[in-house]
Amino acid sequence: MAYQVIARKYRPQRFSDVVGQEHVTQTLSRAIEQKRIAHAYLFCGPRGTGKTTIARIFAKCLNCTDGPKVDFSDTDPRCQEIAEGRSLDVLEIDGASNNGVEQVRELRETCRYAPAGSKFKIYIIDEVHMLSTAAFNALLKTLEEPPEHVKFLFATTDPEKVLATILSRCQRFDLRRIPAALIAKHLTHIAKQEKVKIEPAALHAIARGAEGAMRDAESTLDQLISFCGETIEETDVLSMFGLTAQGQLLELSRAVLGAETNSALRQLNDLANNGKDLGRLVSDLLNHFRNLLIFQVSKGDLSMLEVSEAEAAALKEQSKMASTDAMTRIMEVFAETEMRLRDAASKKILVEVGLLKAIEARNSMSLDAVLKQLEDLRSGGGEITSIPMPERAPAPSPSRSPKPVRAETSAMTAEAAPSPEAEAPATFKEEAAAPQPMPAADDLQSLWTNLLEAVGRVSAFTRSYLLEAHPVSFAKGLLTIGFDPEFEEHISLVDHAKNHTLLQTKLAELGHPHCQIKFIKAEAPEGSRRVPAEETAPTPPAPAAAAPKSVTVPTARSAAPPQPAREKLASVPFNKDDFKNDPLIQKALEIFKGQIVEVRA
């Protein structure tokens, strides 16, 4: 007799032999006992879970002698015909190769005839989702109202591709992936029948690699018997299929939870050099940390997990090494790594990065935890200033930052003025201790003058536009700058991110950090309107030992700046490259489609 593979030799022959699909076999058995047999059934599920096998057993129950009944005899000739595939009344059709309209029309013609020797004429169509849309539509009428002697049994791995009109005419049964423990138990029974010695660890490795498919596990066992002979060990399974040993997997997860970076990378390098499947390794790590999370949440309930005794002991040990939030963050890292691994060219590097991220995620703290600790500090009466803040105000440099200018209402003489050398240390100490307070209304013009000088040292062009503006207000960290209606078009030229950053930086140097800038259209107050230089009488130069009695800071509203402002503007060095690269000049060139012909200082 020709050799028969294990998957066919030990194929279930009755409902009681089916492993892990009790929800389906029990429903069909009771339907037969109660004589509630439908005309069409659809069996869905992953590969190797028993779809076609259950369809054949159901056909035996329907067409057995004195049927339909569940407990048929194994020696029944009709059942033997069905098992051997030579029954005239049970037709198995491959949907992938018979997916056209002509094949369905032929089926419609033959189903009208009575069965040859059985009670029902049964059509088993495997991979029914491969039928074309036209073929499905041709089958609709027959499937809705078939003859009394016709039964349809469909099997598919992709029920989403089956038309909704077909699904609504069938009773649907979804088969599940078979648990690893049941697969290992069934393989133990087969090994005894084949007189093969196999280690429990090897059985667990085969069941883990089968991913819930009994046929895959049986085919693997058949291949291992050919490779190893009468004795099968775990190392044989791992070397043949590139799986990672359970002990190695637990050691790697322990290194991640213990933040042992060197050990984790060394173990990964050993596994990669031994030819282990890195994609399967990441999947196994993800599943292990999922088991750890379930173990923690369920407080040690193993009924929700499919683990061996050794893995259960490891779960109990490792569940104390990290919190539930840490487990969740580690799982997110490995899930992302598994998704990116499919398209990665350097898989080992990606897995190494994933291990490092997982260790970092284990040690990190969530934002909610940080906020909770801050709230606890506040409620506990601790000082808020003792908590380190994420941002610090930049300390102004004494060499570059001028002192804040305060306008004096009373006369100031040269003899009463303190020396700059004596005042500088106190000012620097005051600025370093805390930000300067917002200026009063009289100080706003002085601050504006100093700000124009600081901006002019960086960008003469920005300063030239700001000369047409005036300060409106400075409160709550917001400096509002106004342009008269006649200069309203200048707002769009200066209101951009680069100038905002420049003004904020200079305000920080003047003792006002973390300020915002706002440009608006607003008329300057009458008292602060600047008088053109040609309408003012020339002022004689003051003696060196005397100081002016008062300081008047005009706004930069009029077209001609006052004489001191002109002198300061002339003292700014002119740079042709800055002129050409200025964003305002570039925007003007873009709008008017022009080019720079000559630049004069």
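Above: the structure in question.
Residues numbered from 1 in each chain as written. Predicted model: local features only at pLDDT ≥ 70, side-chain atom pairs only at ≥ 80, totals over all residues. Heavy atoms only, no water.

Q: Can you help me understand the packing of aromatic side chains in this one?
A: Centre-to-centre distance and the angle between the planes together describe a pair of aromatic rings. Overall, the coordinates contain seven aromatic pairs when judged by the stated rule. Ring geometry for F152 and F154: centres 6.0 Å apart, planes at 35°, overall tilted. Comparing F152 with F154 shows no difference in burial state: the two are buried. Consider the rings of F483 and F519, whose centres lie 6.3 Å apart with planes at 40°: the pair is tilted. Here F519 lies in strand β10 (residues 516-521) and F483 lies in strand β9 (residues 478-483), a separation of 36 residues in the sequence. According to the relative accessible area criterion, F519 is buried, its value standing at 9%. (Phe/Tyr/Trp six-rings, centres within 6.5 Å; stacked < 30°, edge-to-face > 60°. Buried < 20%, exposed > 50% of the residue type's maximum accessible area, 1.4 Å probe, protein only. Helix = DSSP H or I, 4+ residues; strand = E, 2+ residues; numbered from the N terminus.)

Q: Mind showing me how you'd approach the pairing of strand β1 (residues 40-44) here?
A: The side chains of a regular strand alternate, first on one face of the sheet and then on the other. With five of its five residues buried, β1 lies for the most part within the structure. Side chains A40, L42 and C44 of β1 all project onto a buried face; the interleaved residues Y41 and F43 project onto the opposite face, where all are buried too. In this sheet, strand β4 (residues 150-156) lies alongside β1 in parallel orientation, the contact comprising five bridges. In the sheet register, C44 faces β4, and the bridge partner there is T156. (Pairing = 2+ DSSP bridges.)

Q: I would appreciate a short explanation of the sheet that holds β9 in the present structure.
A: In sheet architecture, strand pairing relies on hydrogen bonds along the backbone and comes in two forms, parallel and antiparallel. Judged by pairing direction, the sheet is mixed, and its three strands sit side by side in the order β8-β9-β10 without closing on themselves. The sheet is open, and its two borders are formed by β8 (469-475) and β10, each paired with just one other strand. Each neighbouring strand pair of the sheet contributes to a mean axis angle of 25°, computed without reference to strand direction. Direction of pairing for β9 relative to β10: parallel, over a ladder of six bridges. Pairing of L479 across the sheet is with I517, part of β10. (Axes fitted to C-alpha atoms, helices over the stretch in contact; angles between N-to-C directions.)

Q: Help me understand the sheet that holds strand β2 (residues 90-94) in this model?
A: Taken in spatial order, the five strands make up an open sheet running β2-β3-β4-β1-β5, and their pairing is parallel. Looking at the sheet topology across the chains shown, the edges are occupied by β2 and β5 (171-174). Neighbouring strand axes in the sheet, compared pairwise and without regard to direction, differ in orientation by 15° on average. Pairing between β2 and strand β3 (residues 121-126): five bridges, direction parallel. Residue pairing across strands places V90 opposite I122, the latter belonging to β3. Helix α5 (residues 101-110) rests against β2, β3 and β4 of the sheet, and its axis sits at about 165° to β3. (Contact = heavy atoms within 4.5 Å.)

Q: I tried to follow the pattern of salt bridges on my own but got confused; where do I start?
A: Two side chains with opposite charge may pair up if their charged atoms get near one another. Throughout the structure, instances matching the rule amount to 18 salt bridges. We note a salt bridge from E84 to R86, for which the minimum N-O separation is 2.4 Å. Of the residues examined, E84 reaches a relative accessible area of 53% and is grouped as exposed. Look at R86 and you get partly exposed, because its relative accessible area is 48%. Residue D284 is joined to R208 by a salt bridge in which the shortest nitrogen-to-oxygen separation is 2.9 Å. (Salt bridge = Lys/Arg side-chain N within 4 Å of Asp/Glu carboxyl O.)

Q: Which parts of the structure should I look at to understand the environment of T49?
A: With respect to the helices, strands and loops of the structure, T49 is situated in the loop between β1 and α3 (51-63). Overall, the relative accessible area of 3% leaves T49 in the buried class. A sequence separation of 163 residues divides T49 from G212, and the C-alpha atoms of the two residues are 7.4 Å apart. Those residues in contact with T49 that lie beyond four places of it in its chain are Q21, L175, R176, R177, I178 and G212. Looking at T49, its side chain comes within polar contact range of the main-chain oxygen of P46, at 2.8 Å. (Polar contact = N/O pair within 3.5 Å; in protein donor to acceptor, adjacent residues only side chain to side chain.)

Q: How should I be thinking about the layout of surface pockets in this particular structure?
A: Rolled over the atoms, a probe sized like a water molecule indicates the empty space that remains. Quantified by volume, the second largest pocket comes out at close to 750 Å³. Lining the second largest pocket are 31 residues; nearest its centre among them are A7, R11, P12, T53 and R215. Contributions of two or more residues to the lining of the second largest pocket are made by α1 (6-9), α3, α4 (77-84) and α10 (214-228). Looking at the lining of the second largest pocket residue by residue, the classes come out as eleven nonpolar, nine polar and eleven charged. (1 Å grid on protein atoms, 1.4 Å probe; cavity = no way out; pocket = protein on both sides within 12 Å on 5 of 7 lines; lining within 4 Å. Points joined across faces, edges and corners; volume = space filled by probe spheres on them. Nonpolar A, V, L, I, M, F, W, Y, C, P; charged D, E, K, R; others polar.)

Q: For this particular structure, what's the right way to read the packing of helix α16 (residues 324-341) against helix α17 (residues 347-363)?
A: Between two packed helices, both the angle of their axes relative to each other and the distance between the axes serve to describe the pair. The N-to-C vectors of α16 and α17 enclose an angle of 165°; their axes lie 8 Å apart at closest approach. With respect to their mutual orientation, α16 and α17 come out roughly antiparallel. Classified by chirality, the crossing of α17 by α16 is right-handed. Across from A326, R329, I330, V333, F334, T337, R340 and L341 in α16, the residues of α17 making contact are K347, L350, V351, G354, L355, K357, A358, A361 and R362. Split into classes, the residues belonging to the contact of α16 with α17 amount to ten nonpolar, two polar and five charged. (Parallel < 35°, antiparallel > 145°, perpendicular 65-115°, else oblique. Left-handed = near helix turned anticlockwise from the far one by under 90°.)

Q: I keep staring at a nonpolar patch on the surface and nothing clicks. Help me out?
A: A cluster of nonpolar residues, M365, L367, V370 and L371, forms a patch on the protein surface that exposes about 390 Å² of accessible area. With respect to the element layout, L367 can be found in helix α18 (residues 367-379). L367 sits in the exposed class, given a relative accessible area of 62%. (Patch = residues over 30% accessible without salt bridge, like charges linked within 9 Å, V, L, I, M, F, W, Y side chains within 5 Å. Areas by Shrake-Rupley, 256 points an atom, 1.4 Å probe, with all protein chains shown as cover.)

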